[in-house]
Amino acid sequence: MNSDYIKLAQALFPEVTLSPEDLERRYPPRNLPPTSEVTRLGPSPTGFIHLGNLYSALANERLAHSTGGVFFLRVEDTDLKRQTPGAVEAIINSLRYFKINLDQGALIAPKPGQIDYGPYFQSQRKDIYHVLAKNLVERGLAYPCFCSEEKLEEIRAKQTEQKLNTGYYGAFAACREMDLDKVLEKIASSQPRVLRLRSKGQSGLTFFFSDQIMGQVELPENFKDIVLLKSDGIPTYHFAHAVDDHLMRTTTVVRGVEWLSSVPVHRELFNFLNFNPPKYAHTAQLMKLDGGSKRKLSKREDPESSLDYYRQEGYHPKATRVYLMTILNSNFEDWRNENPSLNLEDFPFELSKMGNSGILFDIQKLNDVSRNVFGDFTAEQIANFFRDWLDEFYSQQTKTYFEDEQRLIQIIRLNQGLMENRKRKDIVCASQLKELLSFYFDQSFIPVFEPLKNFKRAVDILKDYLQSMGQTNDSVSWFDNLKSIGQRYNYFPK
Ligand code: GLU
């Protein structure tokens, strides 16, 4: 190794005593069969969970669990500005609600005897990133950069003017070949700095790779000296991804398509760090139909883009899962029709069957799935779900609906229709059920016949109907009753 680089690494990271080999020993390869997949969810704790996150989470979970692997949660909290208190708990809660089970990760206690691949909060892994950053500097693959924001802006303006790629590279990378003494002086006087990759890529070359969902992908090779550590020593997403997914032994990275263009940078990083790269599977965007054309499901415009929406509206988690499976793998629906008695977990999920461009999210379709899911439930099961939902969102109304639980169950049964083998499938979600049932629970409801005096005959019929009908009528006696009212008013010949 070049002694200048060693000197530089020591000046930059005097506190680092561990080596990459120490980390390899601390986080050995997982003891799993070679076909088992290790996947992870890496949310930023911003408080908002997009439906797209659930879509990716389900793909991750299915991939891990259908291969006997591990699915873990890593919190990507390196951007301190974007954090919301309680956000991690909310993520875990949501995943649990939708029955997306995590095996390991943030806020999940490791099982006894299990190797702990944590910490799972990136904010607690600074010392790990620094071990590997130091090693890159020692090998001449990373260097400190002291350029100010103004200087970077100047470079950008020049590049734009000359119609060149913007970024820190080649002749524009002023700190790349800086004299060691000068660098050491700047470090000694604590000049603000970042750490950059010394890219070996070339502008104009193409990088090829195979994505598990997108297929063969061609992208420009990376040639920019991207930032690895920010001025506060915190890693960028790129560096943290390479370090964490290697040391946590992720086998397939399933993440949103917005990261696809970063793969050349990530592969260069894995290469420099002497890590085997994971497989990548980039999930397509969720879209919705808007006035005949498709557009991205947007956080700002579409309430249904938030996971909270489905909980607040009281969609059953099974309906959401089943619907997501139908958009995850297009053969799922046929499989389900052919195997009605099997569990969703028995479906042979495949990444390669996932859509690779704009996945249409259709809430009407979700509603249909939901009607079927509720349609298969007993009135008691629906009542239980309804009670939990009321407790969570309208606790002061639980008493109204559940004062006489048996009556509520009877009413739900009535709404399901009385024919056991041909139940009505009207229930979409708990909020709609609440509306549907409110009619039966309005204690102040007094029928007012006065405005109907011009319709005396109709009012008489209704009064007769009201008197003669009981909640326990079955379909035959109900119809007989109706016929006899009809006959009384001469609607039916004798
Ligand atoms: N923190 C990244 C995000 O929220 C995760 C990307 C990844 O899964 O690697 O977009």
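Our subject is the structure that appears above.
These numbers were taken from a predicted model, which means no experiment stands behind them.

Visitor: Would you take a moment to explain the pattern of salt bridges for this structure?
Guide: Two side chains with opposite charge may pair up if their charged atoms get near one another. Evaluated as defined, the whole model comprises 29 salt bridges. In this structure, the salt-bridge partner of aspartate 302 is arginine 295, at a minimum N-O distance of 2.9 Å. For aspartate 302, a relative accessible area of 2% puts it in the buried group. Here glutamate 405 ties to arginine 387 by a salt bridge, and the two come within 3.2 Å at their closest N and O atoms. With glutamate 405 in helix α16 (residues 405-416) and arginine 387 in helix α14 (residues 379-393), this pair connects stretches of sequence that are 18 residues apart. Given the relative accessible area of 27%, glutamate 405 is considered partly exposed. By relative accessible area, arginine 387 is classed as partly exposed at 24%.

Visitor: In this structure, what is going on with the nonpolar core? I would like to understand it.
Guide: Grouped together as the largest cluster of nonpolar side chains are 135 residues, with contacts concentrated most on Phe239 and Phe386. Among the elements that line this core, the one with the most residues is helix α3 (residues 51-66), at eight residues. In contact with phenylalanine 386, not counting residues within four places along its chain, are Tyr401, Phe402, Leu408, Ala430, Leu433, Lys434 and Leu437.

Visitor: Any chance you could explain the packing of aromatic side chains here in plain terms?
Guide: For any pair of aromatic rings, the description rests on two quantities: the centre-to-centre distance and the angle between the ring planes. A full pass over the atoms with the stated rule returns 27 aromatic pairs. When the centroid spacing of 6.3 Å and the interplanar angle of 15 degrees are considered together, the rings of phenylalanine 386 and tryptophan 389 count as stacked. Note that phenylalanine 386 and tryptophan 389 are positioned in helix α14 at a spacing of three residues, about one turn of the helix. Judged by relative accessible area, tryptophan 389 falls into the buried class, the value being 4%. Note that arginine 30 overlies the ring of tyrosine 117, its terminal NZ or CZ placed 4.1 Å from the centroid. Across the ring face of tyrosine 394, the terminal group of lysine 434 is positioned such that the distance to the ring centre comes to 4.4 Å.

Visitor: Just to check I follow, could you spell out a nonpolar patch on the surface for this structure?
Guide: Side chains of Trp478, Phe479 and Leu482 sit close together on the surface and give an oily, nonpolar patch of about 270 Å² of accessible area. Here leucine 482 lies in helix α19 (residues 475-488).

Visitor: Where do I start with the side chain of serine 56 in this structure?
Guide: Position of serine 56 relative to the elements: it lies in helix α3. A distance of 3.0 Å separates polar atoms of two side chains, one belonging to serine 56 and the other to threonine 283. Setting aside residues no more than four positions away along its own chain, serine 56 makes contact with Val254, Arg255, Gly256 and Thr283.

Visitor: What is the right way to read the side chain of glutamine 122 from this model?
Guide: Turning to its location among the elements, glutamine 122 is positioned in the loop between β3 (104-105) and α5 (126-138). Using a relative accessible area of 3% as the deciding quantity, one classes glutamine 122 as buried. Non-local contacts of glutamine 122, meaning those with residues more than four positions away in its chain, are made with Arg74, Val75, Glu76, Asp77, Thr78, Tyr129, Ala240 and Asp244.

Basis of the calculations
- Residues numbered from 1 in each chain as written.
- Predicted model: local features only at pLDDT ≥ 70, side-chain atom pairs only at ≥ 80, totals over all residues.
- Heavy atoms only, no water.
- Salt bridge = Lys/Arg side-chain N within 4 Å of Asp/Glu carboxyl O.
- Buried < 20%, exposed > 50% of the residue type's maximum accessible area, 1.4 Å probe, protein only.
- Helix = DSSP H or I, 4+ residues; strand = E, 2+ residues; numbered from the N terminus.
- Core = buried A, V, L, I, M, F, W, Y, C linked by side-chain atoms within 4.5 Å.
- Contact = heavy atoms within 4.5 Å.
- Phe/Tyr/Trp six-rings, centres within 6.5 Å; stacked < 30°, edge-to-face > 60°.
- Lys NZ or Arg CZ within 6 Å of the ring centre and 35° of its normal.
- Patch = residues over 30% accessible without salt bridge, like charges linked within 9 Å, V, L, I, M, F, W, Y side chains within 5 Å.
- Areas by Shrake-Rupley, 256 points an atom, 1.4 Å probe, with all protein chains shown as cover.
- Polar contact = N/O pair within 3.5 Å; in protein donor to acceptor, adjacent residues only side chain to side chain.

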